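So the chains spell out like this:
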Amino acid sequence: MSRGAAGAGTRRLMSLDEYVRKRDFTRTKEPRGRERARPSALYVIQKHRASHLHYDFRLEAEGVLRSWSVPKGPSLDPAVKRLAMAVEDHPVEYGSFEGTIPEGEYGGGTVMLWDTGTWELEPGLAWRDALRTGRLRFTLHGRKLRGVWNLTRMRDRQWLLIKSRDQHASQDDVTLTKPRSVKSRRLLAGIARAHGGDVAKAATGDPARR
Ligand code: MN
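Summarised in this report is the structure supplied together with it. (Residues numbered from 1 in each chain as written. Predicted model: local features only at pLDDT ≥ 70, side-chain atom pairs only at ≥ 80, totals over all residues. Heavy atoms only, no water.)

## Some details on the overall build of the protein chain
Step number 1: Within the protein chain, the regular secondary structure consists of 6 helices and 9 strands.
Step number 2: Sequence separation of at least 24 residues holds for 53% of the intrachain contacts in the protein chain that already meet a minimum separation of 6.
Step number 3: Surface exposure of the protein chain reaches about 12,200 Å², of which carbon and sulfur atoms provide 51%. (Helix = DSSP H or I, 4+ residues; strand = E, 2+ residues; numbered from the N terminus. Contact = heavy atoms within 4.5 Å. Areas by Shrake-Rupley, 256 points an atom, 1.4 Å probe, with all protein chains shown as cover.)

Next comes the structure, spelled out in structure tokens:
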């Protein structure tokens, strides 16, 4: 959309100018490179029915997936603050995982790829600084979640996930209106069935049938 293009244009003026200015690409075999029109860092949410239902929110940074466990999942309503517990980093490859984890193993249960896309830190913020101060502000380019979001650290591992006010804010409960996998279109019960998991347990994480 035009907003995204304008944002990319702003960044294009800043980030690689010096790199390009210092090199004659008719002489060096170094890559000319270019700022990507869209960011390539992975964003993913995995809905996970383990001992408790939660949504694993992950942002690719520095070669791993930084991860937070969000018990109630994301809210599109800027007035709603959702607890997000920082958990261990995961490998980037984990970001495509959907299936079952054997009962008795860590995280045993059913994992759904609930949303995926890319993300970018707010222009002017540095990742390390933002982590240290506990104020992450970023834009999501997901299939379900879009626009500006915030992760704000309260204390220790406790953060809050909060939507910013923009055209993607909404009163709709996205966890209920969009409960299916972006990978398989299945609900949790369907994923458990397809992967030999506990279907009845997984189904408790799906919206109640009406
Ligand atoms: Mn989990």
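## What to know about the coordination of the manganese ion
Step number 1: In this structure, His 48 (ND1), His 54 (NE2) and Asp 56 (OD) serve as the protein donors to the manganese ion, at separations of 2.1 to 2.3 Å.
Step number 2: The sequence pattern describing where the donors of the manganese ion fall on their chain is H-x5-H-x1-D.
Step number 3: Under the relative-accessibility criterion, Asp 56 is labelled buried at 7%. (Donors = N, O, S within 2.8 Å, 3.2 Å for Na, K, Ca; no water. Buried < 20%, exposed > 50% of the residue type's maximum accessible area, 1.4 Å probe, protein only.)

## Thoughts on the pattern of salt bridges
Step number 1: Counted by the stated rule, this structure contains 7 salt bridges.
Step number 2: A salt bridge links Glu 62 to Arg 128; the shortest N-O distance between them is 2.6 Å. Highlighted residues: Glu 62 in the loop between strand S2 (53-61) and strand S3 (64-70) and Arg 128 in helix H3 (residues 127-133), separated in sequence by 66 residues. You'll find Glu 62 and Arg 128 in the same group, each marked exposed.
Step number 3: Note that Asp 89 is salt-bridged to Arg 66, the shortest N-O span being 3.7 Å. One end of the pair, Asp 89, is in strand S4 (residues 81-91); the other, Arg 66, is in strand S3, with 23 residues separating them in the sequence. (Salt bridge = Lys/Arg side-chain N within 4 Å of Asp/Glu carboxyl O.)

## With respect to unusual backbone geometry
Step number 1: Residues other than glycine seldom take positive phi values, yet Glu 62 does so here, at roughly 55°.
Step number 2: Taking relative accessible area as the criterion, Glu 62 reaches 51% and is therefore assigned exposed.
Step number 3: Phi at Asp 156 takes a positive value of approximately 50°, unusual for a residue other than glycine.
Step number 4: Here Asp 156 lies in the loop between strand S8 (146-155) and strand S9 (158-163).
Step number 5: When its relative accessible area of 67% is taken as the criterion, Asp 156 is described as exposed.

## Some words on the packing of aromatic side chains
Step number 1: All told, the structure shown has 8 aromatic pairs when counted by the stated rule.
Step number 2: Among the aromatic residues, those joined into a cluster by ring pairs are Tyr 43, Phe 57, Trp 68, Trp 119, Trp 127, Phe 138 and Trp 159. (Phe/Tyr/Trp six-rings, centres within 6.5 Å; stacked < 30°, edge-to-face > 60°.)

## Considerations on the pairing of S8
Step number 1: As paired elements, strand S7 (residues 135-142) and S8 share 7 bridges and run antiparallel to each other. Each bridged residue has a counterpart across the sheet, and for His 141 the counterpart in S8 is Arg 146.
Step number 2: In sequence, S7 turns back onto S8 through a hairpin of 3 residues.
Step number 3: Of the strand pairs in this sheet, S8 and S9 are connected by 6 bridges, and their pairing is antiparallel. The partner of Asn 150 across the bridge, within S9, is Ile 162.
Step number 4: Between S8 and S9, which pair antiparallel one after the other, the connecting turn spans 2 residues, and Asp 156 there sits at a positive phi close to 50°. (Pairing = 2+ DSSP bridges.)

## What to know about the side chain of Arg 49
Step number 1: Relative to the helices and strands, Arg 49 is located in strand S1 (residues 42-49).
Step number 2: No salt bridge is formed by the buried Arg 49; its nearest oppositely charged neighbour, Glu 103, is found at 7.6 Å.
Step number 3: A distance of 3.4 Å separates the side chain of Arg 49 from the backbone oxygen of Ser 51, its partner in a polar contact.
Step number 4: A distance of 2.8 Å separates polar atoms of two side chains, one belonging to Arg 49 and the other to Thr 204.
Step number 5: Ignoring anything within four residues of it in the chain, the contact list for Arg 49 reads Gly 108, Gly 109, Thr 110, Leu 188, Lys 201, Ala 202, Thr 204 and Gly 205. (Lys, Arg positive; Asp, Glu negative; His and termini not counted. Polar contact = N/O pair within 3.5 Å; in protein donor to acceptor, adjacent residues only side chain to side chain.)

## Points about a positive patch on the surface
Step number 1: Side chains of Arg 143, Arg 180, Arg 185, Arg 193 and Arg 209 sit close together on the surface and give a patch of like positive charge.
Step number 2: Checked against the element boundaries, Arg 193 lands in helix H5 (residues 188-194).
Step number 3: According to the relative accessible area criterion, Arg 193 is exposed, its value standing at 58%. (Patch = residues over 30% accessible without salt bridge, like charges linked within 9 Å, V, L, I, M, F, W, Y side chains within 5 Å. Charge placed at Lys NZ, Arg CZ, Asp CG, Glu CD.)

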